[in-house]
Amino acid sequence: MAMTCSNDAHEHHDVYAAQCPCREVLDLLANKWSALAIGAMEGGPQRFGALQRRLQGVSPKVLTSTLRRLEEKGLVTRTVYPAVPLHVEYDLTALGESVAEPLGQLRLWVENHLDDIQAATS
């Protein structure tokens with residue numbers, strides 16, 4: 001029997017169902033750049049350049065795409081301040097703040113268990 005996912009009520013969503021929109025959100029949040037960007041914004045609004053410096057190794061193109069996806073899902077707000085040059089800040093919404101804690105726990109778990117993981121794979 002194939003699993004389905006209803007878009008109507010919360011209790012009908014099933015992340016294991018192939019067509020459930022939950023999958024798209026899970027994919028976004030499980031992405032390393034999303035998880036790191038959300039963590040970098042936990043302390044308050046961040047400018048693009050500050051985020052790029054904090055997320056060492058991310059390209060401007062990937063960071064832009066990540067921030068756009070987070071904004072589209074309501075996790076991040078983008079505020080443009082009229083100045084020369086243009087001043088843009090990214091900040092977590094209440095929804096973004098609510099996912100920051102579990103993502104922070106995941107990042108902490110990875111840092112605390114990296115040596116064990118590396119030992120198991122060598």
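Residues numbered from 1 in each chain as written. Predicted model: local features only at pLDDT ≥ 70, side-chain atom pairs only at ≥ 80, totals over all residues. Heavy atoms only, no water.

Q: Talk me through the overall build of the protein chain; I want residue IDs and the actual numbers.
A: Along its length, the protein chain carries 5 helices and 3 strands. Listing the helices and strands of the protein chain from first to last along the sequence gives α-α-β-α-α-β-β-α. Overall size of the protein chain, expressed as C-alpha extent along the three principal axes, is 60 × 45 × 25 Å. With 122 residues in all, the protein chain has 28% of them scored as buried. A separation of at least 24 residues holds for 39% of the contacts in the protein chain among residues at least 6 apart in sequence. Here the protein chain has roughly 8500 Å² of accessible surface; of this, 54% comes from carbon and sulfur atoms. In the protein chain, 11 side chains carry a positive charge and 15 a negative one; their mean positions are 11 Å apart. (Helix = DSSP H or I, 4+ residues; strand = E, 2+ residues; numbered from the N terminus. Buried < 20%, exposed > 50% of the residue type's maximum accessible area, 1.4 Å probe, protein only. Contact = heavy atoms within 4.5 Å. Areas by Shrake-Rupley, 256 points an atom, 1.4 Å probe, with all protein chains shown as cover. Lys, Arg positive; Asp, Glu negative; His and termini not counted. Charge placed at Lys NZ, Arg CZ, Asp CG, Glu CD.)

Q: Let's hear about a nonpolar patch on the surface: which residues, and what values?
A: Among the surface-exposed residues, Leu106, Trp109, Val110, Leu114 and Ile117 lie close enough to one another that they form a single nonpolar patch of about 440 Å² accessible area. Mapped onto the elements, Val110 comes out in helix H5 (residues 94-120). (Patch = residues over 30% accessible without salt bridge, like charges linked within 9 Å, V, L, I, M, F, W, Y side chains within 5 Å. Salt bridge = Lys/Arg side-chain N within 4 Å of Asp/Glu carboxyl O.)

Q: Mind laying out the side chain of Glu89, listing which residues take part and the relevant values?
A: Structurally, Glu89 is set in strand S3 (residues 87-92). A polar contact of 3.2 Å, which involves the side chain of Glu89, links it to the side chain of His87. Excluding residues that lie within four positions of it along the chain, Glu89 makes contacts with Pro45, Gln46, Arg47, Thr77, Arg78, Thr79 and Tyr81. (Polar contact = N/O pair within 3.5 Å; in protein donor to acceptor, adjacent residues only side chain to side chain.)

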